[in-house]
Structures are given as C-alpha cells and as structure tokens.
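# A closer look at the structure
Chain by chain, the residues run as shown.
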Amino acid sequence: MKSVNLEGMIPAVVVPMRQDYSLDLEAFKPYLEWLVSLGSVGLAINADTGEGPYLTPDERSTVIRTAREVAAGRCAIVAGVGGPSTLTAAANAKAAREAGADALLVFPTPAFLNDPLDTRIAYEYHKAIADASGLPLVVFQLGPIFGGVNYPAEALAKVLELPQVVGMKDASFDAQRFSLTRDVVRAADHPITLLSGNDNFLLESFLLGATGGLLGYGAVGAGLLIDMLNAVKHKEFDKAAAMQAGVQGFCDYIYDRPIGDYRARCKVALVHMGFFTPEQTYVRPPFLSLWETEKDKARRAVEQVGLLGVASR
C-alpha cells in the first residue's frame with residue numbers, strides 16, 4: 001500500500017464548467033497549479049465540492065488524470081469514491097486507482113442510515129473498497145445536511161480497525177460530535193490523521209485536534225487555511241486568532257444559506273480571483289448556477305481577504 005501524507009491542507013477542488021455543463025480542463029489546470037503552489041499536501045478530487053457524484057465515470061477519471069498531471073508528484077491526489085452499493089463503490093475505487101489516485105475519500109452510503117447500524121455494514125463496505133483499490137483510505141463522516149451520515153461510535157471504531165484507513169475526515173458540522181470523533185480516532189490501534197471538514201468552525205477544529213483539513217472552502221481559501229493551520233501547529237495562537245475574522249468570514253460567505261449553493265459560490269469567487277470567467281461558473285443541475293445573483297457579494301468577500309486578482313500576482 002502507498003504511504004501518503006495527509007497532515008496539512010487538502011483543498012476539495014471545484015471543476016469549471018461551461019454553459020452546456022461540459023468540463024473546461026484548460027481553465028482547471030492553472031487553478032490546480034495555484035493550489036499546489038500554496039503548499040497543499042493533497043488535492044481532493046471528485047469530492048462533493050467538485051461535483052463528483054454528478055460526473056460521469058469517464059469524467060471522474062479524466063479529472064483525476066488531469067490533477068495528477070498538474071501535481072506531478074508534488075502532492076497527493078485524494079479521490080472521492082462511493083456506492084451506493086458496495087459493488088459499485090469497489091468498481092469506482094478501482095477506476096480511481098487506475099486513473100492515478102494516491103488515496104481515496106470514501107463517501108458513506110445510505111445503508112449506513114440503518115438504525116441501529118450493524119457495525120459489519122460499514123466495515124465490510126470500506127474493506128471491499130480497500131481490497132479493490134489497494135489504496136489508503138480516508139473515512140468520511142458527512143453530516144446529514146449534505147446527504148451523509150454521522151457514524152455511531154462503535155461502527156466508526158470498527159471501520160478504523162482496517163489498516164488501510166490512514167485518515168478520518170469529520171464534516172459533521174457539529175463541534176461536540178467532532179470532539180467525540182477525535183476521541184475514537186485517538187483510540188485506534190494505528191496512526192490516523194484527523195482532518196477537519198468543518199467549514200463552520202475552522203479555527204476551533206484545529207485547536208480541538210485536527211492536524212489537517214479536507215475542506216470545500218479550501219477551493220478558494222486554501223492559502224488562508226494553510227497559514228492558520230501552521231500558526232496553530234507552531235502554537236502561535238494570537239496570530240491564529242487574529243486571522244479568525246477574515247478566514248471564517250470569507251468561509252461564512254461561501255457557506256451561506258442555502259448551504260448546497262457553496263459550490264456555485266466558489267466558482268463565482270474564483271472569477272474575481274482571476275482563475276475563471278463567468279462562462280465557466282456553471283454547476284450541474286439540479287443545483288443552480290449563480291453568477292448573476294452572487295457576483296457582487298462574491299467580489300466583496302474576495303476583496304476583504306485580499307484575494308482579488310490573486311491569479312495574476
């Protein structure tokens with residue numbers, strides 16, 4: 001099994017799309033290069049932010065190959081995979097490996113909503129993905145507001161027994177549950193990197209024990225997040241606290257209600273940052289493209305954190 005470093009920032013990238021919803025890979029490449037150049041330890045591809053569940057299998061493979069080409073070994077490629085069935089998830093995992101993924105972010109399946117959840121269901125699902133791919137896994141606790149599930153502690157502990165599990169992303173959006181998840185991770189029988197996916201309490205999640213982040217907000221705020229996480233790691237808490245208002249404020253715009261529109265807001269923000277054009281801000285239906293309704297608010301949010309036109313610097 002490959003070794004992969006997850007301690008640091010792993011932005012979940014968006015994919016520029018044209019009005020016909022086709023992928024614009026030429027605009028995608030310089031955007032990815034910027035994220036790598038900031039010092040990201042990985043790129044999360046085909047995650048929810050990158051509309052992975054809404055892409056075709058061929059498109060998902062193309063996105064992974066493109067990211068691998070741009071990264072050129074400078075950081076890990078973490079590909080989102082999932083079911084809904086175990087057989088489908090295993091096939092998707094194998095395809096991600098063949099396209100060049102270094103690790104897999106495993107989406108929970110609706111079967112995990114079984115109440116009470118038999119620990120064998122989650123364990124066997126992840127084991128099948130690990131066996132099919134031969135890659136390290138990041139377990140993904142995804143809050144119900146995003147169509148996911150929060151793991152019961154005993155089910156999570158069972159999954160973490162798998163030696164292929166090297167990371168745990170908590171995107172519960174709940175600080176108390178995050179703390180409980182942290183304790184389960186720390187009790188595991190082998191090292192597992194705790195990754196924050198909680199865009200609604202960024203600094204707090206780092207202070208509570210996350211040593212990295214796999215975040216949708218990283219699509220636009222990766223540099224800010226890297227600086228904040230580094231400040232926490234070096235115990236420069238005053239510096240981290242001073243960054244809080246700007247970093248979280250920009251994030252709060254991206255994750256404004258309705259939360260599901262955050263993908264479209266990221267793409268609009270990236271126009272003002274100089275990476276995309278308005279014609280590349282479309283998102284796959286049923287979600288809505290938001291250039292006209294968000295362009296002014298996005299510009300203000302980008303300008304407030306000093307990222308206006310950052311692509312040309």
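First things first, this report covers the structure right here in the doc. Within each chain, residues carry numbers counting from 1 in the order of the written sequence. pLDDT decides what is reported in this predicted model: residues at 70 or higher carry local features, side-chain atom pairs at 80 or more are listed and counted, and totals for whole chains, interfaces and linings draw on all residues regardless. Hydrogens and waters are ignored; side-chain quantities use all the structure's heavy atoms.

Here a strand is any run of E in DSSP of at least two residues, a helix any run of H or I of at least four, and the numbering for each starts at the N terminus. When helices and strands are tallied, the protein shows 11 helices and 8 strands. Considered along the principal axes of its C-alpha atoms, the protein spans approximately 50 × 45 × 35 Å. Per-residue burial over the protein gives 58% buried out of 313 residues. A separation threshold of at least 6 residues defines the contact pool for the protein, and within that pool the share at least 24 residues apart is 71%. All accessible areas in this document rest on Shrake-Rupley with a 1.4 Å probe, and a residue is counted as covered only by the protein chains that are shown. Put simply, the protein shows about 12700 Å² of open surface, and 52% of that area lies on carbon and sulfur atoms. Computing the positive centroid from 29 side-chain charges and the negative centroid from 35, the protein places the two 2 Å apart. Under the scheme applied here, a residue whose accessible area is under 20% of the maximum for its type counts as buried, over 50% as exposed, and between as partly exposed, the area being computed with a 1.4 Å probe on protein chains only. By the convention used here, residues are in contact when the closest approach between their heavy atoms is within 4.5 Å. For the purpose of charge, His is not counted, nor are the chain termini; Lys and Arg are scored as positive and Asp and Glu as negative. Charged side chains are reduced to one point each, which is NZ for Lys, CZ for Arg, CG for Asp and CD for Glu.

In summary, the pairing rule links any two rings of Phe, Tyr or Trp, Trp by its six-membered ring, whose centres are within 6.5 Å, and it sorts them by plane angle into stacked for under 30 degrees, edge-to-face for over 60 and tilted for everything else. Counted by the stated rule, this structure contains 15 aromatic pairs. With centroids separated by 6.5 Å and ring planes inclined at 40°, the aromatic side chains of phenylalanine 28 and tyrosine 31 adopt a geometry described as tilted. Residue phenylalanine 28 and its partner tyrosine 31 are both found in helix α1 (residues 25-37); the two are separated by 3 residues, about one turn of the helix. With respect to burial, phenylalanine 28 and tyrosine 31 carry one shared label: buried. Note on tyrosine 31 and phenylalanine 276: the rings are 5.5 Å apart at their centroids and 70° apart in plane angle, and the pair reads as edge-to-face. Residue tyrosine 31 is found in helix α1, and its partner phenylalanine 276 is found in the loop between α10 (262-272) and α11 (291-304); the two are separated by 245 residues along the sequence. Both residues of the pair, tyrosine 31 and phenylalanine 276, belong to the buried class. Here the guanidinium or amino end of lysine 158 rests over the ring plane of tyrosine 123, the centre of that ring lying 4.9 Å away. Note on criteria: charge over ring means Lys NZ or Arg CZ within 6 Å of the ring centre, with the direction from the centre no more than 35 degrees off the ring normal. We note arginine 263 situated over the ring of phenylalanine 287; from NZ or CZ to the ring centre the distance is 4.2 Å.

Turning to unusual backbone geometry, a few remarks are in order. Residues apart from glycine generally show negative phi values, whereas peptide bonds are mostly found in trans. Omega for the bond connecting glycine 83 with proline 84 falls within 30 degrees of zero, at 20°, which places this linkage in the cis form. Assignment of secondary structure puts proline 84 in the loop between β3 (76-81) and α3 (86-99). With an omega of 0°, the peptide bond between aspartate 115 and proline 116 qualifies as cis. You can see proline 116 is positioned in the loop between β4 (103-106) and α4 (119-133). Of note in this structure, glutamate 51 is not a glycine but carries a positive phi near 60°. Classification of glutamate 51 as buried rests on a relative accessible area of 1%.

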